[in-house]
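Geometric and topological summary
One letter stands for each residue in the lines below.
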Amino acid sequence: MQVTSNKLKSTHIECPGSKSYANRLIFLAVLQKDTVEINNIPRCDDVLFFINALKEFGFPLEHDGNKLIINSYDKEILKRGPVYLGEGGTTIRFILVLLASIGGQFKLKVEKRFLKRPIDDFIELMDELGVIIQVEEDIIKLNGRILKNKEIEVDCEKTTQFASAFLMLEKLDLVSSVSLINLNSSKDYIELTKSIEISKSYTVTPDFSSLSYLLTWGVLREDIIISNVYEIDPLQADSKYIHFLNGLGAKVHFSSEGLQIYKSNLVGNLKVDCSECLDLVPTLIVLSLGANIKLELNNTKNLKYKESDRLAEIVKTLDRFNCKYDLKEDTLLLSPERLELNKQSIKCAHDHRIVMMNYLILKLNHGGEIEPIMAINKSFPEFVEIFG
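Presented here is an overview of the structure given in this document. (Residues numbered from 1 in each chain as written. Predicted model: local features only at pLDDT ≥ 70, side-chain atom pairs only at ≥ 80, totals over all residues. Heavy atoms only, no water.)

A few words now on the sheet that holds strand 20 (residues 344-347). If you trace the 3 strands from one edge of the open sheet to the other, you get 1-21-20, paired in mixed fashion. A single partner strand is all that each edge strand has here, and the edge strands are strand 1 (2-3) and strand 20. Pairing analysis gives 4 bridges linking strand 20 to strand 21 (residues 368-371), with the strands arranged parallel. Paired with Lys347 across the strands is Glu371, a residue of strand 21. Where helix 11 (residues 352-363) meets the sheet, it contacts strand 1, strand 20 and strand 21, and its direction lies at approximately 175° from that of strand 21. (Pairing = 2+ DSSP bridges. Helix = DSSP H or I, 4+ residues; strand = E, 2+ residues; numbered from the N terminus. Contact = heavy atoms within 4.5 Å. Axes fitted to C-alpha atoms, helices over the stretch in contact; angles between N-to-C directions.)

Next up, the structure:
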């Protein structure tokens, strides 16, 4: 796709709904016995694959625009698959736990890229709970049902998504108790999961991960207003980005019109513990390079468990643009100088956040070409409409 350095077509923008909230709400709604309505459903792949997979398995869902109605299911008429789920980590991990709580034999077809991400510990845990998981090329087979009286201990060292799924089962009284070990990162996602109450009606809140790209463009290039964001959501880890920007002198304010973002002269250095906001790291790279801000990123090791080895891909980007950096163990130090780039053609890893990071670096300079642009649909399909 061609990337231009032009300004945005519109400076009044709506932020899409949070896929983290949406997939948790869908999970809880499917396993309730009542009809549940969810509004402001985002149209990103991670959510749409979840909805479409549930429909294919035979769950009674009615999806119309940004509204989703979920009715109670009949276990006897559920289909066994295989059903295609793509590569979305949250989608696949949630649906595995959801199906295991119902019980039976199911097959899921996934992208092989997903199987490079952490799953072995989950297979061992499910075996202890009475569920057999087998992986054959791009097919995951599930057989059995989670024993309700089992106490569940989930290792969160590499991912907290399985932990969130089990915590939701506990919320619905479908397991006896859940304890978490090695919870050293992504704690906010666990708190987000715990915060959701059982209800018959939900509205998905705006997504602060997507918002970070809009914030970055606003403070670096032009004033914009996010018309549907009126306050910080502290349960979304990436809401920390607003505090980081304020600490650098950015002019970012909430008003009756929404979140007002002004082009700002950023001053200072930034030191970030990435263990609680891993998804912000690519955006922080853009900010550092665009504003010549010295950046220290600590606890970056879990970046390798994302859609790509994200730390390795970030290093490739820094090398591509001849940026000064120092990588030691799990700390990345950037000491950028003002970039003066000619147009470039970039082929990225199939990782939505890596593609968006490189896209913005090009757009902040003289533009160029980038692929695979479709990767962004995983989390932020509106990105091209807004920035394109």
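There is more to say after this.
Right, let's get into the side chain of Thr216. On the secondary structure map, Thr216 appears in helix 7 (residues 208-220). What Thr216 contacts, discounting residues up to four positions off in sequence, is Tyr241, Thr283, Val286 and Leu287.

Ile226, Ile285 and Phe387 are the most contacted members of the largest nonpolar core, which totals 69 residues. Of all hydrophobic cores here, the second largest spans 67 residues; its members include Ile102, Ile140, Met168 and Leu172. (Core = buried A, V, L, I, M, F, W, Y, C linked by side-chain atoms within 4.5 Å. Buried < 20%, exposed > 50% of the residue type's maximum accessible area, 1.4 Å probe, protein only.)

What follows deals with the pattern of salt bridges. A complete count under the given rule lists 16 salt bridges for this structure. Put simply, Arg310 and Glu307 hold a salt bridge, and the shortest N to O gap is 2.7 Å. The two residues Arg310 and Glu307 agree in class, both being buried. One salt-bridge network, in which partners are shared between bridges, spans Lys19, Asp46, Asp279, Lys306, Glu307, Arg310, Asp351, Arg353 and Lys378. (Salt bridge = Lys/Arg side-chain N within 4 Å of Asp/Glu carboxyl O.)

To continue, consider a positive patch on the surface. On the surface, a cluster of positive charge is contributed by Lys33, Lys75, Arg80, Arg145 and Lys148. Structurally, Lys33 can be placed in the loop between helix 1 (19-30) and strand 3 (36-39). (Patch = residues over 30% accessible without salt bridge, like charges linked within 9 Å, V, L, I, M, F, W, Y side chains within 5 Å. Areas by Shrake-Rupley, 256 points an atom, 1.4 Å probe, with all protein chains shown as cover. Lys, Arg positive; Asp, Glu negative; His and termini not counted. Charge placed at Lys NZ, Arg CZ, Asp CG, Glu CD.)

With glycine set apart, most residues show a phi of negative sign, and most peptide bonds adopt trans. Along the chain, Gly81 connects to Pro82 via a cis peptide bond; the corresponding omega equals 10°. Assignment of secondary structure puts Pro82 in the loop between strand 5 (67-70) and strand 6 (83-86). The linkage connecting Glu371 with the following residue, Pro372, adopts the cis geometry, with an omega of 0°. Within the secondary structure, Pro372 is located in the loop between strand 21 and helix 12 (383-387). Positive phi, normally seen in glycine, also occurs at Glu137, with a value near 55°. When you line up the elements, Glu137 lands in the loop between strand 8 (131-136) and strand 9 (139-144). Its identity as a non-glycine residue notwithstanding, Glu329 has a phi of 55°, on the positive side. Residue position: Glu329 is located in the loop between strand 18 (325-328) and strand 19 (331-334).

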